[in-house]
Amino acid sequence: KKRFRALRWSWRLTWLTGLGLTGALAYSIYSLRHPEEQIEPDPEKKTLVILGTGWGSVSLLKKLDTENYNVIVVSPRNYFLFTPLLPSCTTGLIEHRSIMEPIRNILRQKKATVKFFEAEATKIDYEKRVVYISDDSEIKGDISHTEVPFDMLVIGVGAENATFGIPGVRENSCFLKEVNDAQNIRKRVMDCVETAMFKDQTPDEVKRLLHMVVVGGGPTGVEFAGELQDFFNDDLKKWIPEIQDNFHVTLVEALPNVLPMFSKQLIDYTESTFKEEEITIRTKTMVKNVTDKYIEAEVTNPDGTKAIETIPYGLLVWATGNAVRPVIRDLMDQIPAQKNSRRGLAVNEYLVVNGAENIWAVGDCAITNYAPTAQVAGQEGAFLARLFNTMAKTDAIEKELQHLSNTQSQAKSNDERNEILDEIRERQKQLRRTKQIGPFQYSHQGSLAYIGKERAVADISWLSGNIASGGTLTYLFWRSAYLSMCFSTRNRVLVAVDWIKARLFGRDVSRE
Ligand code: FAD
Ligand code: NAI
């Protein structure tokens with residue numbers, strides 16, 4: 001009887017928890033779809049211009065009290081992109097719209113209105129305090145170039161793809177940074193497969209077309225290679241068995257090993273998993289030239305000698321890291337204090353661009369002591385939000401103090417004067433507390449990467465130590481961590497549905 005009662009209670013508890021979770025989900029969806037009226041910004045307040053809608057800028061916007069400033073956002077992309085799941089879009093495991101969050105949705109949830117211009121910042125004139133912007137979308141109105149003046153500017157424009165000036169890279173390879181890159185890769189994988197199946201195709205040409213080469217053994221290259229091999233194992237070879245013997249993924253890396261930011265143990269684990277998956281890793285192989293059908297690479301042999309090798313490919317994905325955007329390079333050229341900076345804007349510990357006043361930089365376009373990751377950009381954005389919220393509070397208190405000291409000098413009695421003095425002391429204390437915001441400090445939560453075959457590697461900081469782990473459990477952790485990190489409930493639901501869809505029906509092998 002006791003056991004039956006316990007069972008009944010646990011059933012009720014499960015039921016109630018489920019009901020609570022459904023209620024919370026329904027409420028969060030309802031509030032997303034029914035935003036409150038927004039207040040108009042006060043024209044007297046300072047104009048804060050934010051460039052970009054990536055990790056840095058959006059995490060700043062998320063936490064910023066927008067009623068304190070006239071906020072203007074400029075970006076050629078009217079959405080936020082959850083980049084950690086971008087490699088999964090290249091094979092259709094996840095649909096690209098599931099990891100995009102419209103910036104309009106984000107801005108509409110803010111207390112005070114934020115202006116958004118879908119445009120590229122083409123030049124920043126830091127002395128004039130003006131950003132020149134240009135609408136580079138397909139449809140243009142009468143005005144497609146204009147300028148936006150600012151009092152404060154946050155630059156979060158990220159970085160572009162590094163090619164190191166290697167000939168042929170831009171013309172012949174796919175990158176993996178934006179949504180259209182992932183779509184492009186998805187199309188080209190299927191194009192290579194279908195072209196290889198074309199009537200009377202020669203065996204050598206079939207081999208070339210089905211050779212998928214990834215250059216760059218950083219996390220982007222490794223994750224993409226893993227996803228592509230999964231696509232082949234789970235779906236492609238089932239539906240198109242003729243490609244079975246020739247479809248091959250090769251990862252080319254200039255250094256002696258892949259994933260240099262991970263521990264030795266996890267590098268070894270990744271390399272052995274790739275071996276099992278039959279992904280070839282070519283380390284100590286530096287690509288020097290790219291044509292439309294093959295790459296030329298300098299290979300360092302075990303005895304130290306070097307040789308040039310030609311590697312034919314059908315699809316080439318170029319993932320060799322970040323380069324500085326032209327708009328940033330131009331700004332750096334204007335500021336003498338940036339003379340020695342090579343990889344991006346040098347900033348101080350408050351993320352202020354060295355040599356410029358009231359200009360801050362976050363994310364991949366700023367040079368700090370940390371790696372250019374979403375984790376760093378997100379924390380930098382959140383730090384700036386705290387800083388700006390504090391600065392606004394400080395301004396308000398200072399104005400109040402000014403007003404109180406004027407009133408004190410006009411006070412008629414000693415009692416009145418003492419009362420005001422007490423209030424001044426209280427405000428001064430408040431001001432000191434508010435001003436105590438320390439410099440930016442990054443808190444590393446760890447590194448995670450998917451390596452294919454439902455395995456992931458993780459270097460996690462935990463209880464001031466490090467845990468290195470790899471395998472299926474880590475993969476489940478990777479999935480749940482990324483699902484919880486997704487921008488919104490909407491993204492979370494869409495990603496989870498995509499995973500279930502792919503598990504039930506497989507990935508779609510049609511070429512759009
Ligand atoms: P971005 O997020 O790149 O955003 C830049 C924004 O600026 C974009 O909105 C862009 O449209 C806009 N912009 C560009 N030019 C201009 C201009 N001229 N004017 C105005 N706006 C402009 N990091 C992790 O920590 N974990 C991961 O798992 C991870 N996975 C990744 C997977 C892939 C495939 C890639 C490519 C990167 C991954 N990263 C990951 C790295 C991470 O995405 C970047 O470090 C992060 O996006 C940097 O944020 P950001 O705000 O500086 O730039
Ligand atoms: P990366 O800079 O990390 O790696 C690029 C690799 O390309 C390097 O190992 C380099 O040696 C190699 N390379 C350069 N030129 C070459 C050539 N000519 N031939 C052969 N190899 C060459 O770049 P990646 O992977 O694009 O990452 C960029 C940033 O984004 C990094 O900071 C990374 O940490 C972050 N990121 C993080 C992820 C995660 O945490 N899961 C996933 C993807 C990116």
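Residues numbered from 1 in each chain as written. Chains lettered and ligands numbered in written order. Predicted model: local features only at pLDDT ≥ 70, side-chain atom pairs only at ≥ 80, totals over all residues. Heavy atoms only, no water.

Here's the deal with the overall build of the protein chain
What counts here: Comment: elements are numbered from the N terminus, with helices defined as DSSP H or I runs of at least four residues and strands as E runs of at least two. Here the term buried applies to any residue with accessible area under 20% of the maximum for its type, exposed to any over 50%, and partly exposed to those in between, with areas from a 1.4 Å probe on protein chains only. In what follows, a contact means two residues having at least one pair of non-hydrogen atoms within 4.5 Å. Using a 1.4 Å probe, the Shrake-Rupley method yields the accessible areas, and only the shown protein chains count as cover for residues. We count Lys and Arg on the positive side and Asp and Glu on the negative side, and we leave His and both chain ends out. All charge positions are set by atom: Lys at NZ, Arg at CZ, Asp at CG, Glu at CD.
In terms of helices and strands, the protein chain carries 14 helices and 24 strands. Going through the 512 residues of the protein chain one by one, you find that 46% of them count as buried. Across the protein chain, the fraction of contacts at a sequence separation of at least 24, relative to all contacts at a separation of at least 6, is 65%. With the model as given, the accessible surface of the protein chain reaches about 27400 Å², and the carbon-plus-sulfur share is 53%. Computed over 64 positive and 66 negative side-chain charges, the inter-centroid distance for the protein chain is 7 Å.

A closer look at the pairing of strand β23 (residues 455-462)
Here is the rule: Two strands qualify as a pair provided that DSSP identifies no fewer than 2 bridges between them.
Counting buried residues along β23, six of its eight residues qualify, which places the element largely inside the surrounding structure. Linkage of strand β22 (residues 446-452) to β23, two consecutive antiparallel strands, is achieved through a turn of two residues, within which Lys-453 is found at a positive phi near 55°.

Some thoughts on helix α6 (residues 179-196)
Spelled out, the test is: In a helix, the anticipated span is given by 1.5 Å times the number of residues less one.
Taking 1.5 Å per residue, 18 residues should reach 26 Å; α6 reaches 26 Å between its end C-alpha atoms and fits that length. Of the positions making up α6, those classed as buried are Val-179, Asp-181, Ala-182, Ile-185, Arg-186, Val-189, Met-190, Cys-192, Val-193 and Ala-196.

Quick notes on the environment of Val-222
On the secondary structure map, Val-222 appears in helix α8 (residues 219-239). Discounting chain neighbours no more than four positions away, the residues touching Val-222 are Gly-216, Gly-217, Leu-251, Val-258, Leu-259, Thr-270, Phe-274, Tyr-450 and Ile-451.

With respect to the layout of surface pockets
Stated precisely, the cut-off is as follows: Buriedness of a pocket was judged along seven lines, with at least five required to meet protein on both sides within 12 Å; pockets are open sets of points on a 1 Å grid over the protein atoms alone, cavities are sets where a 1.4 Å probe fits but cannot get out, and lining residues have an atom within 4 Å of a point. Grid points are joined across faces, edges and corners, and a volume is the space filled by probe spheres set on the points. Three residue categories are used. Nonpolar comprises Ala, Val, Leu, Ile, Met, Phe, Trp, Tyr, Cys and Pro, charged comprises Asp, Glu, Lys and Arg, and polar comprises the others, including Gly.
Of the voids in this model, the second largest pocket is the one considered here, and its volume is about 450 Å³. Along the walls of the second largest pocket sit 22 residues, with Leu-32, Ile-106, Arg-108, Gln-109 and Lys-110 positioned nearest its centre. Only α1 (2-33), α2 (55-63), α4 (103-108) and α14 (489-505) provide two or more residues apiece to the lining of the second largest pocket. The class makeup of the residues in the lining of the second largest pocket is seven nonpolar, seven polar and eight charged.

Description of the site of ligand 1
Cut-off, in case you're wondering: Here a residue counts as near a molecule or strand whenever at least one of its heavy atoms sits within 4 Å of it. The term polar contact refers here to a pair of N or O atoms within 3.5 Å; inside protein, the definition further demands a hydrogen-donor-capable atom paired with an acceptor-capable atom, and it admits residues adjacent in sequence only when both atoms are side-chain atoms.
Around ligand 1 sit 29 residues, and of these Gly-56, Thr-83, Ala-121, Asp-364 and Tyr-482 come closest. Contact between ligand 1 and Gly-56: an oxygen atom at 2.8 Å from a main-chain N or O atom of the residue. Backbone polar atom of Val-157 to an oxygen atom of ligand 1: 3.5 Å apart, as the coordinates give it. In isolation ligand 1 has 990 Å² of accessible area, and contact with the protein removes 90% of it.

What about the packing of α2 against helix α11 (residues 374-409)?
As a reminder, the rule being used: Convention adopted: a line fitted to C-alpha atoms gives each axis, helices being fitted over their contacting stretch, and angles between N-to-C directions are expressed from 0 to 180 degrees. It is the rotation of the near helix from the far one that decides the hand of a crossing: anticlockwise by less than a right angle makes it left-handed, clockwise makes it right-handed.
In the contact formed by α2 and α11, the axes pass within 7 Å of each other and the chain directions differ by 35°. The chirality of how α2 crosses α11 is right-handed. Listed contacts from α11 to Trp-55, Gly-56, Ser-59, Leu-60 and Lys-63 of α2 are Ala-374, Ala-377, Gly-378, Gly-381, Ala-382, Leu-384, Ala-385, Phe-388 and Asn-389. Its residues assigned to classes, the contact of α2 with α11 shows eight nonpolar, five polar and one charged.

What about the pattern of salt bridges?
Here is the rule: Salt bridges are counted wherever a side-chain nitrogen of Lys or Arg sits within 4 Å of a carboxyl oxygen of Asp or Glu.
Evaluated as defined, the whole model comprises 19 salt bridges. Across the pair Asp-330 and Lys-123 runs a salt bridge whose closest N-O atoms are separated by 3.1 Å. With Asp-330 in helix α10 (residues 326-334) and Lys-123 in strand β6 (residues 120-125), this pair connects stretches of sequence that are 207 residues apart. The class for Asp-330 is partly exposed, based on a relative accessible area of 25%. Lys-123 sits in the partly exposed class, given a relative accessible area of 31%.

Some thoughts on the nonpolar core
Where we set the bar: We call a set of buried residues a nonpolar core when its members are Ala, Val, Leu, Ile, Met, Phe, Trp, Tyr or Cys and they connect through side-chain atoms within 4.5 Å of each other.
Formed by 123 residues in total, the largest nonpolar core has its most connected members in Leu-51, Leu-85, Ile-155, Phe-247, Leu-384 and Phe-388. The element that contributes the greatest number of residues to this core is α6, accounting for eight residues. The contacts of Phe-388, once residues within four sequence positions are left out, are Leu-48, Leu-60, Leu-64, Tyr-69, Met-152, Val-154 and Trp-360. Among the nonpolar cores identified, the runner-up in size contains 14 residues, and Phe-175, Val-287, Ile-295 and Tyr-313 belong to it.

A closer look at the sheet that holds strand β17 (residues 315-318)
Taken together, the four strands give an open sheet; going across it, the order is β13-β12-β11-β17, and neighbouring strands pair in parallel fashion. One side of each edge strand has no neighbouring strand; the edge strands of this open sheet are β13 (280-282) and β17. In this sheet, adjacent strand axes meet at a mean angle of 20° when their direction is disregarded. Looking at chain direction, strand β11 (residues 211-215) and β17 are connected through four bridges and run parallel. Pairing of Val-215 across the sheet is with Trp-318, part of β17. Across the sheet, α6 is in contact with β11 and β17; its angle to β17 comes to roughly 155°. Where α8 meets the sheet, its contacts fall on β11, β12 (248-252) and β17, and the angle it forms with β12 comes to roughly 175°.

Comments concerning the sheet that holds β6
One open sheet holds the three strands; their spatial order is β6-β7-β8, and the pairing between them is antiparallel. Only two strands of the sheet have a single neighbouring strand rather than two, namely β6 and β8 (145-149). Put simply, the sheet's adjacent strands are angled 25° from each other on average, direction ignored. As paired strands, strand β7 (residues 130-134) and β8 are joined by five bridges and run antiparallel to one another. Residue Tyr-132 lies in a different strand from β8, and its bridge partner there is Glu-147.

Quick look at the confidence of the model for the protein chain
Stated precisely, the cut-off is as follows: Known as pLDDT, the predictor's per-residue confidence is scaled from 0 to 100.
Overall, the prediction assigns the protein chain a mean pLDDT of 94, with 99% of residues at 70 or greater. As scored by the predictor, the complex reaches a pTM of 0.93 and an ipTM of 0.98.

Some remarks on the site of ligand 2
In the vicinity of ligand 2 lie 24 residues, with Thr-220, Glu-253, Ala-254, Val-287 and Leu-448 positioned nearest. Within the backbone of Ala-254, one N or O atom sits 3.1 Å away from a nitrogen atom of ligand 2. One of the backbone nitrogen or oxygen atoms of Leu-448 is found 2.6 Å away from a nitrogen atom of ligand 2. Taken by itself ligand 2 offers 840 Å² of open surface, and the protein chains cover 79% of this. Listing elements by their share of the shell around ligand 2, those giving two or more residues are α8 and β14 (285-290). In the shell around ligand 2, the residues fall into 14 nonpolar, eight polar and two charged.

Here we look at unusual backbone geometry
One non-glycine residue, Lys-284, lies in the positive phi region at around 50°. Considering the arrangement of structural elements, one finds Lys-284 in the loop between β13 and β14. Lys-284 sits in the partly exposed class, given a relative accessible area of 36%. The backbone of Asn-358 sits at a positive phi, close to 60°, despite the residue not being glycine. Take Asn-358: it is sitting in the loop between β19 (345-346) and β20 (359-361).

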